[in-house]
Amino acid sequence: MTKRKPIIGVLALQGAVEPHRPHIEAAGGEFRAVKTPAQFNECDAFILPGGESTTMLKLIDTFNLWDSLAENFAKKPVWGICAGAILIARKVTNPEQKSFALLPLTVERNGYGRQLDSHQTEINGYPVSFIRAPVFTDVGKDAEILAKHQGAPVWIKAGKYTASAFHPELTLDFPSPMHKKFVESLP
Ligand code: GLN
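Residues numbered from 1 in each chain as written. Predicted model: local features only at pLDDT ≥ 70, side-chain atom pairs only at ≥ 80, totals over all residues. Heavy atoms only, no water.

## So, helix H6 (residues 177–184)
Of all the residues in H6, the buried ones are Met178, His179, Phe182 and Val183. Down the axis of H6, the buried set is contained in an arc of 125 degrees. They therefore lie on one face. (Buried < 20%, exposed > 50% of the residue type's maximum accessible area, 1.4 Å probe, protein only. Helix = DSSP H or I, 4+ residues; strand = E, 2+ residues; numbered from the N terminus. Arc of directions from axis to C-beta.)

Below you can see the structure in the form of structure tokens.
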């Protein structure tokens, strides 16, 4: 029997959504840009993209999506990238804001500095971008640290939840090792 491709829903309210498509497809998944509860229910896993977490929170409120997202996140793997990591961290500082609290993680928003401090670097030999990225200031003991940068964890996993402070999707070499790992880890 051939296995159905897992459907990866990229939350499409704001931010870097479409750049995930070639990475997800090259990793063997099906890309979907999702923004309604009916679309969330069809997904096997989610990517919360980078962008601006405060804007995403406002749109989640405006369109009344919190409960449907929380229900889906409780059952399915989620990978939060940069702003997406902020949305799923247990605690957010600089300033404090609401989050889905899926991961034992504290993040300091914009902890790597302002836009001028955005930079590219390599993680596990793959070029990635830090764009007004959060610093992971506290990672719970039950989380696995998959990569560090400048001494701090930047890619972590706890159970079915993953967070990265950096963007791998902007690099045009498909799939990124991070997308490959995420898609391959799906049941
Ligand atoms: N600075 C943004 C925030 O706090 C995150 C930036 C990003 O996702 N590249 O939400």
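The discussion continues.
## Topic: the environment of Leu186
Structurally, Leu186 can be placed in the segment after H6. Assessed through its relative accessible area of 8%, Leu186 is described here as buried. Separated by 115 residues in sequence, Leu186 and Glu71 place their C-alpha atoms 18 Å apart. With residues up to four places along the chain from it excluded, the contact list for Leu186 reads Lys3, Pro6, Ile8, Ala45 and Pro77. (Contact = heavy atoms within 4.5 Å.)

## Describing the nonpolar core
Counting residues in each nonpolar core, the largest one holds 65 residues, and the members touching the most others are Leu105 and Phe136. Not counting residues within four places of it along the chain, the set of residues in contact with Phe136 comprises Ala85, Leu105, Thr106, Val107, Pro153, Val154, Trp155, Ile156, Ala163, Ser164 and Ala165. (Core = buried A, V, L, I, M, F, W, Y, C linked by side-chain atoms within 4.5 Å.)

## Some points on the pairing of strand S6 (residues 103–108)
On a regular strand, each side chain points to the face opposite its neighbour's, so the side chains alternate between the two faces of the sheet. Where burial is concerned, most of S6 is hidden: 5 out of the 6 residues are buried. The pairing of S6 with strand S9 (residues 135–139) spans 4 bridges and is antiparallel. Following the sheet pairing, Leu105 is matched in S9 by Val139. (Pairing = 2+ DSSP bridges.)

## Re empty space enclosed by the protein
Regions of empty space are outlined by a rolling probe, equal in size to a water molecule, passed over the atoms. Taken as a whole and assessed by the stated rule, the structure comprises 1 cavity of 30 Å³ or more. Of the pockets and cavities examined, the largest cavity occupies roughly 50 Å³. As for the largest cavity, its lining consists of Trp79, Leu146, Trp155, Lys157, Thr162, Met178, Lys181 and Phe182. Mapped by element, the contributors of at least two residues to the lining of the largest cavity are strand S11 (152–158) and H6. (1 Å grid on protein atoms, 1.4 Å probe; cavity = no way out; pocket = protein on both sides within 12 Å on 5 of 7 lines; lining within 4 Å. Points joined across faces, edges and corners; volume = space filled by probe spheres on them.)

## Focus: the environment of Val107
By the secondary structure assignment, Val107 is in strand S6. Owing to a relative accessible area of 0%, Val107 belongs among the buried residues under this scheme. The contacts of Val107, once residues within four sequence positions are left out, are Ile86, Ala89, Lys91, Val92, Thr93, Pro134, Val135, Phe136 and Thr137.

## With respect to the pattern of salt bridges
One pass over the structure, following the stated rule, counts 9 salt bridges. The partner of Glu25 in a salt bridge is Arg21, with the nearest N and O atoms 3.8 Å apart. Note that Glu25 and Arg21 are positioned in helix H1 (residues 20–26) at a spacing of 4 residues, about one turn of the helix. The partly exposed category is assigned to Glu25, whose relative accessible area is 43%. Between Arg32 and Glu30 there is a salt bridge, with the nearest N and O atoms lying 3.1 Å from each other. With a relative accessible area of 26%, Arg32 lands in the partly exposed category. (Salt bridge = Lys/Arg side-chain N within 4 Å of Asp/Glu carboxyl O.)

On their own, these measurements won't tell you what the molecule is for.
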